[in-house]
Amino acid sequence: MKSALFLTACLFALPAAAQDDAYVDSNTRAILYHELGHALIDLMQIPVLGQEEDAADTLSALLTVWLWEPEAAEALAYDTAFTFFYDSEENEVAFWDTHGPDEQRYFNHICLVYGADPEFFDDFATDLGLPEERADSCEEEYELASDSWSVYLDEILPEDPKGGLIFSAAHTPDNAAQQTALTALEQEIADLNGFFSLPFDLTIHFAQCGEANAWYDPQTQDITFCAEFADHLAGQSDG
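Here the structure is a predicted model, which is why all the values come from computation and not from measurement.

Thresholds applied
- Residues numbered from 1 in each chain as written.
- Predicted model: local features only at pLDDT ≥ 70, side-chain atom pairs only at ≥ 80, totals over all residues.
- Heavy atoms only, no water.
- Pairing = 2+ DSSP bridges.
- Helix = DSSP H or I, 4+ residues; strand = E, 2+ residues; numbered from the N terminus.
- Salt bridge = Lys/Arg side-chain N within 4 Å of Asp/Glu carboxyl O.
- Buried < 20%, exposed > 50% of the residue type's maximum accessible area, 1.4 Å probe, protein only.
- Phe/Tyr/Trp six-rings, centres within 6.5 Å; stacked < 30°, edge-to-face > 60°.
- Axes fitted to C-alpha atoms, helices over the stretch in contact; angles between N-to-C directions.
- Core = buried A, V, L, I, M, F, W, Y, C linked by side-chain atoms within 4.5 Å.
- Contact = heavy atoms within 4.5 Å.

Side-chain direction in a regular strand flips from residue to residue, so the side chains alternate between the two faces of the sheet. Note that strand β1 (residues 165-169) and strand β2 (residues 202-207) share five bridges and pair parallel. By the bridge assignment for β2, Ser168 is matched with His205.

Shown next, in the form of structure tokens:
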């Protein structure tokens, strides 16, 4: 399990520079978890009953509480939730989109994290406004999500490594936010390679894309994290 990397669970309690670094770091890791979900669904032919984006969001929340010590998981979960909240304020709801509404993603994320350990994450759920009506079902939602993903993740535990995540930096960071994202990707990929034993190689590219985005491409079977996404995250934390 990872040790606690963050000194506080609340973004706004930190000085401005630390806010930027922690926020960009946390969300880079959460986005990687999300895109890894898409990759595993495709490459392991995992059936998805519902929206694939929801399944990828679910894996991101699960890896947050599985891979990190509780205090650090809480800090990462706060930062991820803030991103969904900021996105809900910045973006109009697009009901045609493959992603659910940002506000719903916000509450789904909080619920899954809270459901993993309702006693420990009680303040987290309260601080972020999770209604009691939803909180009552979160432990069951977490258990269902955990059981569902574990069926497939148990197949790739590091007993007989055959492949792994490969990091490719095609862009040299232009600023501190991009450097934070690049470092977070390098660290997280190394840690995930100790947690998973993939039956295939999967490359994660850090690249300049012309847009603030990240994606898994089923045609090339790789993940791209755009440097511009780090800039976007830094702008959110400044705001």
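Bringing the pattern of salt bridges into the picture now. Scanning all chains against the criterion turns up four salt bridges. The salt bridge involving Arg29 is made with Glu188; its shortest N-O contact spans 2.7 Å. Placement of the pair is Arg29 in helix α1 (residues 16-43) and Glu188 in helix α7 (residues 176-195), with a sequence separation of 159 residues. For the pair shown, Arg29 and Glu188 are each scored as buried.

So, on to the packing of aromatic side chains. Per the stated rule, a full pass over the model turns up twelve aromatic pairs. Seen in terms of ring centroids, Tyr106 and Phe107 are 4.9 Å apart; in terms of plane orientation they differ by 85 degrees. Their pairing is edge-to-face. By relative accessible area, Phe107 is classed as partly exposed at 22%. Put simply, the rings of Tyr23, Tyr78, Phe82, Phe85, Tyr86, Tyr106, Phe107, Phe120, Phe121 and Phe124 touch in pairs and so form one group of aromatic residues.

We now examine the sheet that holds β1. The four strands lie next to each other as β1-β2-β4-β3, forming an open sheet whose pairing is mixed. Every other strand in the sheet has two partners, leaving β1 and β3 (214-217) as the edge strands with one partner each. Mean inter-strand twist for the sheet, computed between neighbouring axes without regard to direction, equals 20 degrees. One ladder, built from five bridges, connects β2 with strand β4 (residues 222-226); its direction is parallel. When the sheet's bridge partners are listed, His205 is paired in β4 with Thr224.

Before going further, it helps to spend a moment on the nonpolar core. Core analysis: the biggest nonpolar cluster contains 70 residues, and Leu40, Trp149 and Leu202 have the highest contact counts within it. Looking at which element gives the most residues to this core, the answer is α1, with ten residues. Not counting the four nearest positions on each side in its chain, Trp149 is found in contact with Gly37, Leu40, Ile41, Ile46, Ala55, Thr58, Leu59 and Leu62.

Time to look at the pairing of β4. Burial within β4 is extensive, with five of its five residues counted as buried. On β4, burial covers both faces: Asp222, Thr224 and Cys226 on one face and Ile223 and Phe225 on the other are all buried. Relative to β4, β3 runs antiparallel, the two sharing four bridges. When the bridges of β4 are listed, Ala214 appears paired with Phe225.

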